[in-house]
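# Structure assessment
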Amino acid sequence: MLEINIWDYLNEAFWKNLIKGLLFLVISIPIILYFRKIIRNSVTKKYGVHYGLLSSKVFYYSMMGIVLMAFLTEIGFSLGPLLGAAGIVGVALGFASQTSVSNIISGLFLIAEKPFEVGDVITVGDLTGAVLSIDTLSIKIRTFDNRFVRIPNEMIIKQVVINITRFPIRRLDIVVGFAYKENIDRVKAILLDIAEKNTRALQEPEPMVNFNAFASSAVEVNFRVWAPKEDFIKLRDEIHTAIKVRFDEEGIEIPFPHVSIYSGEVTKPFPVKMLKEESEVDKKELPD
Amino acid sequence: MSKHVSKPVVDFESDIWQSLELKSEESGKLVVGPVQIYYRHMLNEVWIATDRSQLEKIDTDKLEWSRWAFRSNEIKLKIVPMMPDRQITVRPDTPFRLTKGTSIRIYTRVPTWIAVYAIDDSLHKLVEIPTVILSKTWFGDFINGTLSYWLSTRARRSIVSEMFQPHTVICTLNIRNESDEDLSIEKINLLAERLSIYIKDDQLWSDEMDVLYKGGDQHSELTVKNTPPEYASDAVFISEPRNPVKKSFAERILREINIF
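Not measured: the values here are computed from a predicted model. (Residues numbered from 1 in each chain as written. Chains lettered and ligands numbered in written order. Predicted model: local features only at pLDDT ≥ 70, side-chain atom pairs only at ≥ 80, totals over all residues. Heavy atoms only, no water.)

### Remarks on the overall build of chain A
Each helix and strand counted, chain A has nine helices and eight strands in total. Counting only residues that meet the buried cut, chain A has 29% of its 288 residues in that class. Taking contacts inside chain A between residues at least 6 apart in sequence as the whole, the part at least 24 apart equals 61%. For chain A, the computed accessible surface area is about 19500 Å², with 63% contributed by carbon and sulfur atoms. (Helix = DSSP H or I, 4+ residues; strand = E, 2+ residues; numbered from the N terminus. Buried < 20%, exposed > 50% of the residue type's maximum accessible area, 1.4 Å probe, protein only. Contact = heavy atoms within 4.5 Å. Areas by Shrake-Rupley, 256 points an atom, 1.4 Å probe, with all protein chains shown as cover.)

Here is the structure:
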């Protein structure tokens, strides 16, 4: 029978190697962390946050892998059998962790395809927020009401992602409704004047007002104004406010849904006659 | 927060572009065209606010002040003109065409920016204020274009006295059409951040520029002459360009930027 005495392995040489290995870790890990920081800062400065994070992660994980292998070799582990065992365990783990593997591969596609970068504002499903990081398994975003959201990479790959800040300018689309009695050319001129007077609105691409629909209660036009992406929210607020203020000043009615009843003639409305004062009716019908 | 500047600004004084030795607890205002700059000196602090209301009397306490603290109580303010911080798309009121072989010189005015520096034992840029807030436009296609300021111009062919305004820089552009086709000039993209400013009798002038058009399929050539135009040849250099054209860089810019 094979007898294994653990103390045969934990001999003086092992302890010496272990101390040397630990010393190696104590020295090398802070150096790696230091260089990770330097790489992140310098790459961020030159190429942006996205590449800064990416390069620092590639550097960190590859260096940590090398350090770990060196440490194991130092304390006497033979990496060959370990890697062989890892292969067998890997197959088993692979079945058990399909989702994680899928996320990792999706993450690689995200990095390669680059549909968004760190700092971009994206919409995924009904979530909109700024991308904080693109990691191995997931991306992290901060929503505008300051919630932290983790979205698995696999979901990002499968879903429609809208990158709101990819291009420097954005178009604001407003459907403006006004009463049928108003002059459509006058309304168009007023809307264009509102855009002209707003310094956030771009002169080109030119603001546009196009007919949209004869709706049930209003004539509707599409009002389209372009703005730099950083001014978009303010422009939306200012343009909507300006439309209301200006329409009030110009006496242009913004209608709400209503129904006119006609007695069959083209222009005459259905005659309605008040027979009694409302208060008298109410008084009569009120219970004692 | 002030930005420490190692390079000194040009040491030139005029009625508007001047240095102000701030006395203790002093306050006052500077008027540059349509903008009024209010300043206060309190202890070792400088307060700056701007107003564009054009009202004769305003309650200065209601202005939006910015304040900076310095190591010393002895502070000087320096007011320097600057070109706008991005390109300007200039559209002539009436678009015109240059027949082949024709050269023209046009003048256009650009509202200047005001850089306010503080000098204690070193130089600090406090703030930059546009004299006129220009609207913006997009120059180029949707993917590769550039955000620039928008300006409408009469594209005058000669200098007239009514052009002179102390808060505007007169830019001189010589355009030559060397192609075999007519050149339609609807918009001009002015690389404002690459231009120096000169002054003569309180009027600001930019570097003179030459544009050579060789045809739609060839790149136009732009040369910034680094001198004021002949009309103001004795104008004095007052402000450096934000991004000077480097010789090795200039060619690349010209390739990338479509002048018309």
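We are not done yet, so read on.
### Here's the deal with the overall build of chain B
Each helix and strand counted, chain B has one helix and 22 strands in total. Expressed as a percentage of its 260 residues, the buried residues of chain B come to 51%. Restricting the contact set of chain B to residue pairs at least 6 apart, pairs at least 24 apart contribute 70%. Carbon together with sulfur atoms contributes 47% to the accessible area of chain B, which is approximately 13400 Å² in total.

### Side note on the pairing of strand β4 (residues 35-42) of chain B
Side-chain direction in a regular strand flips from residue to residue, so the side chains alternate between the two faces of the sheet. Residues and elements named next belong to chain B. The buried fraction of β4 amounts to seven of the eight residues, a majority that puts the element mostly inside the structure. Direction of pairing for strand β3 (residues 27-32) relative to β4: antiparallel, over a ladder of six bridges. Paired with G28 across the bridge in β4 is Y39. If you look at the hairpin formed by β3 and β4, you'll find two residues sitting between the two strands, and G33 has a positive phi there, around 60°. (Pairing = 2+ DSSP bridges.)

### Concerning the interface of chain A and chain B
Note on interface size: it is often stated as the accessible area lost on association of the parts. Across the boundary between the two partners, chain A contributes 13 residues, which contact 10 residues of chain B. A buried area of about 1100 Å², summed over both sides, lies between chain A and chain B, and 65% of it is on carbon and sulfur atoms. Together, T199, Q203 and E204 of chain A form the three largest contributors to the area buried by chain A at its contact with chain B, with a combined 46%. Inspection of the chain A/chain B interface yields two salt bridges. (Buried area = accessible area lost by both parts, 1.4 Å probe. Salt bridge = Lys/Arg side-chain N within 4 Å of Asp/Glu carboxyl O.)

### Describing the environment of R171 of chain A
Residue and element names in this part refer to chain A. You can see R171 is positioned in strand β6 (residues 169-178). Remark: the alpha-carbon pair of R171 and K229, spanning 58 residues in sequence, is separated by 8.8 Å. Those residues in contact with R171 that lie beyond four places of it in its chain are R224, V225, W226 and F232. Only 2.7 Å separates the side chain of R171 from the side chain of D173, close enough to count as a polar contact. (Polar contact = N/O pair within 3.5 Å; in protein donor to acceptor, adjacent residues only side chain to side chain.)

### Here we look at the packing of aromatic side chains
All names here are of chain A. One pass over the full model with this rule turns up 12 aromatic pairs over all chains. Ring centres of Y180 and F214 lie 6.3 Å apart, and the angle between their planes is 25°; on these two criteria the pair is classed as stacked. Of the two residues, Y180 is situated in the loop between β6 and α7 (184-197) and F214 in strand β7 (residues 208-214); the sequence distance between them amounts to 34 residues. For F214, a relative accessible area of 62% corresponds to the exposed category. Sitting over the ring of Y60, R36 keeps its end group 4.4 Å from the ring centre. Lying over the aromatic face of F232, R170 brings its terminal NZ or CZ to 3.8 Å of the ring centre. (Phe/Tyr/Trp six-rings, centres within 6.5 Å; stacked < 30°, edge-to-face > 60°. Lys NZ or Arg CZ within 6 Å of the ring centre and 35° of its normal.)

### Quick word on a negative patch on the surface
All names here are of chain B. Taken together, the side chains of D180, E181, D182 and D217 define an acidic patch exposed on the protein surface. Looking at where D180 falls in the secondary structure, it is placed in the loop between β15 (168-177) and β16 (183-185). Since its relative accessible area comes to 70%, D180 is described here as exposed. (Patch = residues over 30% accessible without salt bridge, like charges linked within 9 Å, V, L, I, M, F, W, Y side chains within 5 Å. Lys, Arg positive; Asp, Glu negative; His and termini not counted. Charge placed at Lys NZ, Arg CZ, Asp CG, Glu CD.)

### Description of the side chain of S138 of chain A
All names here are of chain A. One can find S138 in strand β3 (residues 138-143). Engagement of the side chain of S138 in a polar contact is seen with the side chain of R150, the distance being 3.3 Å. S138 has contacts with S133, R150, I151, P152 and N153, leaving out every residue within four places of it along the chain.

### Section: helix α3 (residues 49-74) of chain A
With 26 residues, α3 of chain A should reach 38 Å at 1.5 Å per residue; the first-to-last C-alpha distance of 37 Å fits that figure. Of the residues flanking the end of α3 of chain A, it is G76 of chain A, one or two places downstream, whose phi is positive at about 100°. (Expected span 1.5 Å × (residues − 1).)

### A word on the pattern of salt bridges
Following the criterion strictly, the structure yields 29 salt bridges over all chains and no others. Among the salt bridges present, the one from K158 of chain A reaches E154 of chain A, with a minimum N-O distance of 3.1 Å. One end of the pair is K158 of chain A and the other is E154 of chain A, both in helix α6 (residues 153-158) and four residues apart, which spans about a single turn. Taking relative accessible area as the criterion, E154 of chain A reaches 21% and is therefore assigned partly exposed. With its nearest N and O atoms 3.8 Å apart, the salt bridge here joins K225 of chain B to E208 of chain B. You can see K225 of chain B sitting in the loop between β21 (221-224) and β22 (236-239) and its partner E208 of chain B sitting in the loop between β19 (203-206) and β20 (209-213), a full 17 residues away along the chain. With a relative accessible area of 36%, K225 of chain B lands in the partly exposed category. Assessed through its relative accessible area of 5%, E208 of chain B is described here as buried. Here the salt bridges share partners, and the residues they tie into one network are R186, D193, K197, R246 and E250 of chain A.

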